[in-house]
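# Coordinate inspection notes
Each chain, written out:
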2 protein chains.
Amino acid sequence: MYSIYESTEKSNCSVCKDKSCAVSVLNEKQLGLLNNNSREIEIKKGEIILRSGILNSHIIYLKKGYVKEFIVGLNKKIKILQIIKQRSYMGLHSLFGDKINHYSYTALEDLKICYIDINVFKKLVKENGDFAYELLVYVCKDSLNNFYRLINQSQKNTNGRFADVILYLSENICNSQHFELPLTRQELSELIGISRENTARVISKFK
Amino acid sequence: MYSIYESTEKSNCSVCKDKSCAVSVLNEKQLGLLNNNSREIEIKKGEIILRSGILNSHIIYLKKGYVKEFIVGLNKKIKILQIIKQRSYMGLHSLFGDKINHYSYTALEDLKICYIDINVFKKLVKENGDFAYELLVYVCKDSLNNFYRLINQSQKNTNGRFADVILYLSENICNSQHFELPLTRQELSELIGISRENTARVISKFK
DNA sequence: ATCTGATTGTGATATATGACACATTTTTTA
DNA sequence: TAAAAAATGTGTCATATATCACAATCAGAT
């Protein structure tokens, strides 16, 4: 009767090498609570992890891989807000800021993620100020970074925006000058905020 | 020898009618600590309250009045991120997300504000999880709202953006269908993200 | 009250960029 | 391997909007 659970590789938060900064400040008892209320899952490239508009039920921690955070705007036009890399949370802003989730998340490659029950997460915030502090740091950094990029986009032309995104991917996401991200030209244009055709033109110009 | 302190009207956080949601969950001892490390000040219309780029030393709580949050971008082009109304914090994102302050704040009218020492603020976060939780809610709501507006702006044309901003001011800031904000056309255009001339054109068209 | 400077409105113009159409290349499927 | 589908590149064109120039209006100071 335990076969279902045994078939899933049960992770252990206490010994996890990929803990977030916030989870690192939890004590053993709190880690145990987290462990009993989270589950590690593997996701295939292209799968939607979390959809905007649904009620918040779980917070998702990205243990390994790249994810795109996006919204579907007017005329079903997609705007990619950011590329999320390993050791990041998905849906934190929505968890604390609203009842429903605001952004959608899709796997850019095969992933390892952890689903965490939101009530346990909130309980930990309220009983451990250091944990809450680290989360505050996390969401504020996330906000500042994304705002910075969005505002830059609103003030630059095609070339500048393209260059900014390349720099962003190189320095903030891949941490390498030579990188390869599983992004189509279409997705790149949705991240830059220009048309697909113009993305192609800028690329051929830069080469 | 107490004349300096006596000359300033010393506020009392415990009995303050304009407490933030976060401060409302502090206990008497914590309110006392806050009280001893904050100071209420009056600001005249047009004054700069806080400048981007400087080291964070105080968090500022807006007790009364309207403030514009902005950054000076490329070619000294100003982008107004949002209009801040009473019972809001200034610089929270920067406090937790970085060492330096990211946005500038100017009084749109005569204000009452409270300067709060950042170390005391951080201490309260760490020792009171409920306080931290309320701050998380605050910064996340702020992020979601501002992102929503910025992304909308990036996907709409002049008319739509103008209409959005009018709605935003009416519903979110003034909470009234007939409102008058001390915003110049120039500032309105910096909030909408279009040129001053086009703002004038849209206004005459709508009338 | 009058002058001066700031703010605002309006017309003409240049241009960056989206949109369309279609060619080419790459990837997936059978 | 061939065929189909998806992704990408390129040329042309329409248009929304920034910019400039200047007129008109408003506000503050003397």
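Scroll up a little and you will see the structure.
This text gives an overview of the structure that appears in the document. All values reported here derive from a predicted model rather than from experimental measurement.

## Considerations on the sheet that holds strand E8 (residues 111–117) of chain A
Residues and elements named next belong to chain A. Ordered by their spatial adjacency, 4 strands build an open sheet running E1-E8-E3-E6, and the pairing between neighbours is antiparallel. In this open sheet, the two strands that pair with only one neighbour each are strand E1 (38–43) and strand E6 (88–90). Put simply, the sheet's adjacent strands are angled 30° from each other on average, direction ignored.

## A closer look at the packing of aromatic side chains
The geometry of an aromatic ring pair is captured by the separation of the ring centres together with the interplanar angle, meaning the angle of the planes. Here the structure, examined in full by the defined rule, presents 13 aromatic pairs over all chains. Ring geometry for Tyr89 of chain B and Tyr138 of chain B: centres 5.6 Å apart, planes at 85°, overall edge-to-face. With Tyr89 of chain B in strand E6 (residues 88–90) and Tyr138 of chain B in helix H5 (residues 129–155), this pair connects stretches of sequence that are 49 residues apart. Accessibility expressed as a relative area gives 5% for Tyr89 of chain B, which makes it buried. Its relative accessible area of 24% is what places Tyr138 of chain B among the partly exposed residues. Aromatic rings pair up to connect Tyr61, Tyr89, Phe121, Phe131 and Tyr138 of chain A into one cluster. Of note, Lys126 of chain B hangs over the ring of Tyr133 of chain A, and the distance from its end group to the ring centre comes to 4.3 Å. Above the face of the Tyr168 of chain B ring, Arg149 of chain B is positioned so that its terminal group lies 3.9 Å from the ring centre.

## Let's talk about the pairing of strand E3 (residues 58–64) of chain B
Residue and element names in this part refer to chain B. Of all 7 residues making up E3, 5 are buried, and the element is well covered by its neighbours. Where E3 meets strand E8 (residues 111–117), 6 bridges bridge the pair, whose relative direction is antiparallel. Opposite Ile59, over in E8, you have Ile116 as the bridge partner. Pairing of E3 with E6, which is carried by 3 bridges, proceeds in the antiparallel orientation. Across the sheet, the residue bridging to Tyr61 is Tyr89, located in E6.

## Focus on the relation of the copies chain B and chain A
In the superposition of chain B on chain A (RMSD 0.0 Å, axial shift 0.0 Å), the rotation amounts to 180°. In short, the pair behaves as if placed about a two-fold rotation axis. The rotation axis passes nearest to the C-alpha of Gly129 of chain B in chain B, at a distance of 2.3 Å. The residues that chain B uses at the interface reappear at the interface of chain A in 100% of cases, marking a shared surface.

## Regarding the interface of chain B and chain A
Across the boundary between the two partners, chain B contributes 36 residues, which contact 36 residues of chain A. Taking both partners together, chain B and chain A bury about 3400 Å²; carbon and sulfur atoms supply 74% of that area. It is Leu144, Phe147 and Gln155 of chain B that lose the most area in chain B upon contact with chain A, and together they represent 20% of the buried surface on that side. Across the chain B-chain A interface, the total number found is 5 residue pairs in polar contact (both at pLDDT 80 or more). Put simply, the parts of the chain that give the side of chain B that touches chain A at least two residues each are strand E5 (78–84), helix H3 (92–97), helix H4 (118–127) and H5 of chain B. Element by element, the count of residues in the side of chain B that touches chain A is highest for H5 of chain B, at 17 residues. For the side of chain B that touches chain A, the residue count by class is 19 nonpolar, 9 polar and 8 charged.

## Here we look at the environment of Asn35 of chain B
Tracing the sequence through the fold places Asn35 of chain B in helix H2 (residues 28–36). Separated by 72 residues in the primary sequence, Asn35 of chain B and Ala107 of chain B have C-alpha atoms spaced 24 Å apart.

## A short note on the state of the cysteines
Scanning all chains against the criterion turns up 0 disulfides over all chains. Free of any disulfide, Cys140 of chain A has its nearest cysteine sulfur in Cys140 of chain B, 7.9 Å distant. Free of any disulfide, Cys16 of chain B has its nearest cysteine sulfur in Cys114 of chain B, 6.3 Å distant.

What counts, and where the lines are drawn
Residues numbered from 1 in each chain as written. Chains lettered and ligands numbered in written order. Predicted model: local features only at pLDDT ≥ 70, side-chain atom pairs only at ≥ 80, totals over all residues. Heavy atoms only, no water. Pairing = 2+ DSSP bridges. Helix = DSSP H or I, 4+ residues; strand = E, 2+ residues; numbered from the N terminus. Axes fitted to C-alpha atoms, helices over the stretch in contact; angles between N-to-C directions. Phe/Tyr/Trp six-rings, centres within 6.5 Å; stacked < 30°, edge-to-face > 60°. Buried < 20%, exposed > 50% of the residue type's maximum accessible area, 1.4 Å probe, protein only. Lys NZ or Arg CZ within 6 Å of the ring centre and 35° of its normal. Least-squares fit on C-alpha atoms with pLDDT ≥ 70 in both. Contact = heavy atoms within 4.5 Å. Buried area = accessible area lost by both parts, 1.4 Å probe. Polar contact = N/O pair within 3.5 Å; in protein donor to acceptor, adjacent residues only side chain to side chain. Nonpolar A, V, L, I, M, F, W, Y, C, P; charged D, E, K, R; others polar. Disulfide = S-S within 2.5 Å.

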